[in-house]
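Reading the structure
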Amino acid sequence: MLQILLIIISILLIAIVLLQAGKAESTSSVLTGGSDALFAQRKERGGELLITRLTMVLGAAFFIICLIIGF
């Protein structure tokens with residue numbers, strides 16, 4: 001039962017991470033470390049905040065279930 005739940009959480013976590021908006025503006029700024037706004041304080045709002053929180057919850061659930069299965 002826990003293995004099935006772990007697979008479902010894994011798939012959801014992968015999908016949610018892929019839905020998140022990139023923090024860098026372009027590929028070149030990722031490679032060169034280009035943008036000063038990369039680490040700037042910016043508020044997440046609406047859907048972006050929901051996706052971030054959902055990612056944290058799914059990540060924590062994944063970690064806890066892995067620990068339970070391991071022991």
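Counting of residues starts from 1 at the beginning of each chain's written sequence and follows it residue by residue. With the structure being a predicted model, the display of local features is reserved for residues of pLDDT at least 70 and the display and counting of side-chain atom pairs for 80 or more, all residues being used for whole-chain, interface and lining totals. Each side-chain value is worked out from all heavy atoms of the structure, with water and hydrogens disregarded.

1. With respect to the overall build of the protein chain
Put simply, DSSP H or I for four residues or longer makes a helix, DSSP E for two residues or longer makes a strand, and each gets a number counted from the N terminus. Helix and strand content of the protein chain: 3 helices and 0 strands. Along the chain direction, N to C, the helices and strands of the protein chain fall in the order α-α-α. With a 1.4 Å probe rolled over the protein chains alone, any residue whose accessible area is under 20% of its type maximum counts as buried; one over 50% counts as exposed, and the rest are partly exposed. Burial statistics for the protein chain: of 71 residues in total, 11% are counted as buried. The contact criterion used is simple: two residues touch if any of their non-hydrogen atoms lie within 4.5 Å. For the protein chain, the share of sequence-separated contacts (at least 6 apart) that also reach a separation of at least 24 residues comes to 76%. The Shrake-Rupley method, run with a 1.4 Å probe, gives the accessible areas here. Residue values count only the displayed protein chains as cover. On the protein chain, roughly 5800 Å² of surface is accessible, and the fraction owed to carbon and sulfur atoms is 71%.

2. A few points about the nonpolar core
What tends to happen in soluble globular proteins is that the nonpolar side chains get buried as a cluster. In plain words, nonpolar cores are sets of buried Ala, Val, Leu, Ile, Met, Phe, Trp, Tyr and Cys residues tied together by side-chain atoms within 4.5 Å. Core analysis: the biggest nonpolar cluster contains 6 residues, these being Leu6, Ile9, Leu13, Ile16, Leu58 and Ile65. Listed by contribution, the elements that provide at least two residues to this core are helix H1 (2–19) and helix H3 (47–70). If you tally residues by element for this core, the top one is H1, at 4 residues. When residues no more than four places from it in sequence are discounted, the contact partners of Leu58 are Ile9, Leu12, Leu13 and Ile16.

3. Brief notes about the packing of H1 against H3
Helix axes are fitted to C-alpha atoms over the stretch in contact, other axes to C-alpha atoms as well, and angles between N-to-C directions run from 0 to 180 degrees. Remark: H1 packs on H3, axes separated minimally by 9 Å, with the N-to-C direction vectors making an angle of 150°. The angle between H1 and H3 places the two elements in the roughly antiparallel class. Here the hand of the crossing between H1 and H3 comes out left-handed. Two secondary-structure elements touch here, H1 through Leu2, Gln3, Leu5, Leu6, Ile9, Ser10, Leu12, Leu13, Ile16, Val17 and Leu19 and H3 through Ile51, Leu54, Thr55, Leu58, Gly59, Ala61, Phe62, Ile65, Cys66, Ile68 and Ile69. Any angle that falls under 35 degrees is termed roughly parallel, while one over 145 is termed roughly antiparallel, one within 65 to 115 roughly perpendicular, and all others oblique. Should the near helix be turned anticlockwise from the far one by less than a right angle, the crossing is termed left-handed; should it be turned clockwise, right-handed.

4. What to know about a nonpolar patch on the surface
Residues enter patches when they are more than 30% accessible in relative terms and free of salt bridges; like-charged ones are connected within 9 Å and nonpolar ones (Val, Leu, Ile, Met, Phe, Trp, Tyr) within 5 Å. Salt bridges are defined as contacts in which a side-chain nitrogen from Lys or Arg sits within 4 Å of a carboxyl oxygen from Asp or Glu. Where nonpolar side chains cluster on the molecular surface, the patch consists of Leu2, Leu5, Phe63, Ile64, Leu67, Ile68, Ile69 and Phe71 and spans about 820 Å² of accessible area. Taken together, the elements giving at least two residues each to the nonpolar patch come down to H1 and H3. It is H3 that contributes the most residues to the nonpolar patch, 5 residues altogether. Checked against the element boundaries, Leu5 lands in helix H1. Residue classification places Leu5 among the partly exposed positions, given a relative accessible area of 38%.

Shape is all these values report; function is a separate question.
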